[in-house]
Amino acid sequence: MKILVVGGGGREHAMAWKIKQSPRCSKLLCAPGNAGTAEVGVNVGLAAEDVPGLLKLAKDQKIDLTVIGPEAPLCEGIVDAFEAEGLRVFGPNQAGAQLEGDKAHAKAMMRAHAIPTAEARVFQDFKNAYDYVATRDEPIVVKAAGLAAGKGVIVCDDPPDALLALERIMKKHEFGSAGDTVVVEERLEGQEVSILAFVDGRNIYVMESSQDHKAIGAGDTGPNTGGMGAYCPAPIVTEELMALIERQVLVPIVDAMNRQGTPYKGILYAGLMLTPAGPKVLEFNCRFGDPETQPVLMRLDCDLVEVMEAVIDGKLDQVTLKWDPRPAVCVVMASGGYPGSYEKGKVITGLEEAGALPDVVVFHAGTKAQDGQVVTSGGRVLGVTALGSTIASAKQRAYEAVDKIQYEGAYCRRDIADKAMRGGA
Ligand code: AMP
Ligand code: GLY
């Protein structure tokens, strides 16, 4: 089979790496990919959002299966466009992707189906939102309802903070039209976990749990990023808790999508806060998480292409997922200055030495090949991922690999997975 992976981050390198291991994959293309995907496949210079260009590529190259990584093309309806042309594609259609693309819609679905989530109000009018927030006295979170590249959520300490957040989103339009509607919700306290599942419209296959590290600084300090590291599994998610999450969150949402005539197919990712009152949904995503995918796929011990095909064909009940019992830890190496402004084009050395360590894979994110060298080209540069017999040894191995890699301004958190070793506390 000829397979096309759409996207160019660490998640897509991990997907491409895993897909390439499938005996079903004869040729692998990535659009636009990065220097890492170029090692397992052929990069094509098309943006992930270029739906007409990707459609033409899939037809011209007779691609048998297209796998979509990021949310933007999914929310634009790339799956509907491919299916209309009779092409096989992995990911939810536009109606399904709205669970991520429209937080007001996701909230309404959760409310209608009694799925535990933060109490929230939705506003389109600045004055109404302002008047509501001004009456609150507990910490709140203000969210642009649309897609904002993971930046449209402002966690506030008090109402004056929240009023400023409203002004940024609704008056200054910092996130463009994504902020035309805002969701104002109670701030939840607890630990966050990521639960990803394959869904074939009807059947749900939950993957091993994982945990991201959103803040830039050690001890979860400083501004939020796309994610600075992850581990899998998350020890805090016991079997019992996983069963509860499946029952209270995944089953009702998948059933609801089915009943409304828009069955959900692809990856469903529930971002959850484990509150003292039980797990509550912070958000749904319609795709693999980044960087969670890197440790999750390191542990997946079966043919990803077979699973993806079963999702498309509605036959997920006929496959079995197998997992490497060893935990995996992924440490993200970023450009100095990220998530603020940063320089690009720094030459990266030590990649081979790092990747030669046993049970280590260096997934690329913001990298590109230039004059025979690999240089930085984004904020999150690499996802250095290792398996170990324990989380502690996976962590140690990952940092051993990190320490072999150099580029000017390289930054990483040094405490990835410490939380897991404290028993998740
Ligand atoms: P979201 O994109 O909705 O997941 O929000 C991004 C991040 O903001 C989450 O991963 C949480 O860290 C934080 N967040 C979102 N909603 C809440 C909430 N209701 N309470 C506390 N933190 C939140
Ligand atoms: N790691 C967070 C996300 O993929 O949205």
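For the structure itself, consult the block above.
Note that this is a predicted model, so its numbers are computed, not measured.

What counts as what
Residues numbered from 1 in each chain as written. Chains lettered and ligands numbered in written order. Predicted model: local features only at pLDDT ≥ 70, side-chain atom pairs only at ≥ 80, totals over all residues. Heavy atoms only, no water. Pairing = 2+ DSSP bridges. Helix = DSSP H or I, 4+ residues; strand = E, 2+ residues; numbered from the N terminus. Contact = heavy atoms within 4.5 Å. Axes fitted to C-alpha atoms, helices over the stretch in contact; angles between N-to-C directions. Near = heavy atom within 4 Å. Polar contact = N/O pair within 3.5 Å; in protein donor to acceptor, adjacent residues only side chain to side chain. Areas by Shrake-Rupley, 256 points an atom, 1.4 Å probe, with all protein chains shown as cover. Nonpolar A, V, L, I, M, F, W, Y, C, P; charged D, E, K, R; others polar. Parallel < 35°, antiparallel > 145°, perpendicular 65-115°, else oblique. Phe/Tyr/Trp six-rings, centres within 6.5 Å; stacked < 30°, edge-to-face > 60°. Buried < 20%, exposed > 50% of the residue type's maximum accessible area, 1.4 Å probe, protein only.

**Examining the sheet that holds strand β15 (residues 229-232)**
Here is step 1 of the chain: Taken in spatial order, the 5 strands line up as β12-β15-β18-β23-β20 in an open sheet, and their pairing is antiparallel. Unpaired on one side and paired on the other, β12 (211-212) and β20 (360-364) mark the two borders of the sheet.
Here is step 2 of the chain: Both β15 and strand β18 (residues 328-334) contribute to a ladder of 4 bridges, which runs antiparallel. In the sheet register, C232 faces β18, and the bridge partner there is A328.
Here is step 3 of the chain: Together, β15, β18, β20 and β23 (380-387) form the strand contacts of helix α14 (residues 391-402), whose direction differs from that of β18 by roughly 30°.

**Observations regarding the site of ligand 1**
Here is step 1 of the chain: Taken together, 15 residues lie near ligand 1, and E185, L188, E192, K214 and E283 sit nearest.
Here is step 2 of the chain: Here a nitrogen atom of ligand 1 and a backbone polar atom of E186 are 3.0 Å apart.
Here is step 3 of the chain: Here an oxygen atom of ligand 1 and a side-chain polar atom of E283 are 2.8 Å apart.
Here is step 4 of the chain: Starting from 460 Å² of accessible surface for ligand 1 in isolation, the protein chains cover 91%.
Here is step 5 of the chain: Of all elements in the fold, only β7 (140-144), β8 (153-155), β9 (182-186) and β17 (278-285) reach the threshold of two or more residues within the shell around ligand 1.
Here is step 6 of the chain: For the shell around ligand 1, the per-class residue count stands at 7 nonpolar, no polar and 8 charged.

**Regarding the side chain of E185**
Here is step 1 of the chain: Locating E185 in the fold gives a position in strand β9.
Here is step 2 of the chain: Within the structure, the side chain of E185 is placed 2.9 Å from the side chain of K107, a separation counted as a polar contact.
Here is step 3 of the chain: Each residue touching E185, except ones within four places of it in the same chain, is listed here: K107, A118, E119, A120, I140, V141 and K143.

**Here we look at the packing of helix α1 (residues 10-20) against helix α12 (residues 304-313)**
Here is step 1 of the chain: In contact at an axis separation of 7 Å, α1 and α12 are set at 100° when each is read in the N-to-C sense. By the criterion of interaxial angle, the relationship of α1 to α12 is roughly perpendicular. From α1, M15, K18 and I19 reach across to α12, where they touch L304, V305 and M308.
Here is step 2 of the chain: A breakdown of the residues in the contact of α1 with α12 according to their chemical character gives 5 nonpolar, no polar and 1 charged.

**Remarks on the packing of aromatic side chains**
Here is step 1 of the chain: All chains considered together, the criterion is met by 5 aromatic pairs.
Here is step 2 of the chain: On the numbers, 5.3 Å between centres and 85° between planes, the contact of W17 with F363 is edge-to-face. Placement of W17 in helix α1 and of F363 in strand β20 is noted, with a sequence separation of 346 residues between them. Judged on exposure class, the residue W17 and its partner F363 are both buried.
Here is step 3 of the chain: Measuring from centroid to centroid gives 5.5 Å for F126 and Y130, while their planes differ by 50°, and the two rings are tilted. Taken as a pair, F126 and Y130 lie in helix α8 (residues 126-134) at a separation of 4 residues, close to a single helical turn.

**Observations regarding the site of ligand 2**
Here is step 1 of the chain: Near ligand 2, the surroundings consist of D212, G226, Y269, N285, R287, G289, D290, P291 and E292.
Here is step 2 of the chain: In the model, a nitrogen atom of ligand 2 is placed 2.7 Å from a nitrogen or oxygen of the D212 side chain.
Here is step 3 of the chain: The separation between a nitrogen atom of ligand 2 and a polar side-chain atom of E292 is 2.8 Å.
Here is step 4 of the chain: Contact with the protein chains hides 89% of the accessible area of ligand 2, taken as 200 Å² for the molecule alone.
Here is step 5 of the chain: Considered class by class, the residues forming the shell around ligand 2 number 2 nonpolar, 3 polar and 4 charged.

**What about α12?**
Here is step 1 of the chain: Summarising burial for α12: 8 of the 10 residues are buried, a large majority.
Here is step 2 of the chain: Buried within α12 are the following residues: L304, V305, V307, M308, E309, A310, V311 and I312.
Here is step 3 of the chain: One side-chain oxygen of the residue at the start of α12 lies 2.9 Å from the amide nitrogen of V305, identifying that residue as D303.
Here is step 4 of the chain: One or two residues past the end of α12 sits G314, with phi positive at roughly 70°.

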